[in-house]
Amino acid sequence: MIEMKNVHKTFGTNAVLRGIDLSVAKGSSLVIIGGSGTGKSVTIKCILGLIEPDSGQILVDGKDASIGDRDAFLARFGMLFQGAALFDSLPVWQNVAFRLLRGSLKRPRAEAREIAIEKLRRVGLTPDVADRLPAELSGGMQKRVGLARAIAADPEIIFFDEPTAGLDPIMAGVINDLIREIVVEMGATAMTITHDMNSVRAIADNVAMLHDGVIKWNGPVTDLDTTEDPYLHQFITGSATGPIAAIR
Amino acid sequence: MTPLIAALATLGRVALAFFASVGRVALFAASTISHAFRPPFYARELANALFHVGWLSLPVVGLTAVFTGGALALQIYAGGARFNAEAVVPQIVAIGMVRELGPVLVGLMIAARVTSSIAAEIATMKVTEQIDALVTLSTHPMKYLVVPRVLAALLVVPLLVGVGDIIGIMGGYAVATGTLGFNAAAYLKNTADFLQLADILSSLAKGAAFGFIAALMGCYFGMQSGRGAQGVGRATKGSVEAAAVLILAANFLLTGVFFSL
Ligand SMILES: Nc1ncnc2c1ncn2[C@@H]1O[C@H](COP(=O)(O)OP(=O)(O)OP(=O)(O)O)[C@@H](O)[C@H]1O
Ligand SMILES: [Mg+2]
């Protein structure tokens, strides 16, 4: 269970988050949508503590996320960064198995490698990429390696920042199924940012729309098409006219 | 505002900014040291850093030292000839290389080679969110990135300085015996008789200090890097400038300390 209460964050004069209230039930899948630059990535980074909010509260299972043992806290999370953020000095398999090679989840190298190759297979990559360096992969392949790294240690809570951006439709479908599977079969809590409405429908239990620094709309994915909300409606139909300005 | 007050205000701002950065660097150094003593320790990272800072720096250190030692021998021979003191070449080359030129030049070469690469690497990691990714993978960037590099430089730069000292003396020896007509055995004996243990220890101690400064500056500027390619460029440039200046300043201080002992 993740709760954000009245979270604010300003960079210089740019007030990005202006009172985010959001909650994600354990074992459910929330998709955050919203225009480019509205603060979706910042929201996720606040939960992980990578960005410190100016005010407001973030609770994970009822406990304040900013206090207590950081390592134990972060060990429960997996995160796919928007830009994949692979370690470019390490081969692909060591990226995927990073957590399994050190720290509290450490296991023998051979076993870690096997797990890494299995996770790579789940994101549609063949074992021969395991020994390549991230820079030798295409953008979409790097993204999938990032996804494999995020799920490598079977985390309870997973954040995906645009998991299907830059992927072909078939591979996007594979990734959507994978995320759904992780939530349904492993009971993980997932928060996904995406601009891809097919993904939203495939992944989400609930949808939250971020606009102007607040959650403008929040509801089950089944309400997506019946909603009267003009912001959400414009976003879903991709119309240039409506309450959301096209230049921002 | 009168020009005088404006000038004073500018001076004040510059001074404040200066002391603020000194404070940040000092805190960064303190944090590095405290992380170095608390687990987890990343042995593989340390080994990697030792290889990159130490082994791969050998060629540039060797070349710098051999040319410097050779040039030093020529200069001292020419300068000594003005007052019939050509014979001091072995002694002056030895003391000049070991006490001063060896540590300083190796330190500066390390600043050029190691500081810049550490700063660029860490800054790029910062800009591409790899540092954030490390954090989310429960790995502390200070422990995983900074401590191994600083520790490696602290351990291995004194060795590089020792190698540089020896190669520099051999450069002087080659020039002196090859072109200046010195007797080979006498040259080596003069060098060995003249050098004292304190000279060698001060050389190695300077090496440790310069290694620490070089790696610390690379890490500090890398971690402080701004965004984008420009941020990486600035971090790299700033790290080398700061490391070079601090190495020369530390050299002056340490020389003063060793003199007064
Ligand atoms: N570290 C930072 N320093 C300063 N400003 C930042 C920082 N991170 C994000 N911002 C600003 O916060 C705003 C929101 O950024 P964010 O990355 O969350 O957008 P987003 O909703 O994820 O957009 P996109 O869909 O394009 O990824 C942007 O205006 C961005 O410039
Ligand atoms: Mg984003």
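As annotated in an unreviewed UniProt entry, chain B carries the name Putative phospholipid ABC transporter permease protein MlaE and comes from Pseudoprimorskyibacter insulae.

The name an unreviewed UniProt entry assigns to chain A is Putative ribonucleotide transport ATP-binding protein mkl, from the organism Pseudoprimorskyibacter insulae.

All right, on to the nonpolar core then. Within the largest apolar cluster, 77 residues are counted, with the highest numbers of intra-cluster contacts made by Leu22(A), Phe159(A) and Met191(A). Element by element, the count of residues in this core is highest for helix α6 (residues 141-178) of chain B, at 10 residues. Look past the residues within four positions of Leu22(A) in its chain and what remains in contact with it is Ile2(A), Glu3(A), Met4(A), Leu30(A), Ile32(A), Met191(A), Ala208(A), Ile215(A) and Asn218(A). Leu120(A), Ile151(A), Val200(A) and Leu224(A) belong to the second-largest nonpolar core, a separate cluster that totals 50 residues.

A word on the site of ligand 1. Not every one of the 15 residues close to ligand 1 is listed here, only the nearest: Ser36(A), Gly37(A), Lys40(A), Ser41(A) and Gln82(A). Residues within reach of ligand 1 are spread across chains A and B. With respect to ligand 1, the side chain of Glu162(A) contributes an N or O atom lying 3.4 Å from an oxygen atom. Among the secondary structure elements, those contributing two or more residues to the shell around ligand 1 are β2 (14-24) and α1 (40-48) of chain A. Here the shell around ligand 1 gets 3 residues from one element, more than from any other, and that element is α1(A).

Conventions and cut-offs
Residues numbered from 1 in each chain as written. Chains lettered and ligands numbered in written order. Predicted model: local features only at pLDDT ≥ 70, side-chain atom pairs only at ≥ 80, totals over all residues. Heavy atoms only, no water. Core = buried A, V, L, I, M, F, W, Y, C linked by side-chain atoms within 4.5 Å. Buried < 20%, exposed > 50% of the residue type's maximum accessible area, 1.4 Å probe, protein only. Helix = DSSP H or I, 4+ residues; strand = E, 2+ residues; numbered from the N terminus. Contact = heavy atoms within 4.5 Å. Near = heavy atom within 4 Å. Polar contact = N/O pair within 3.5 Å; in protein donor to acceptor, adjacent residues only side chain to side chain.

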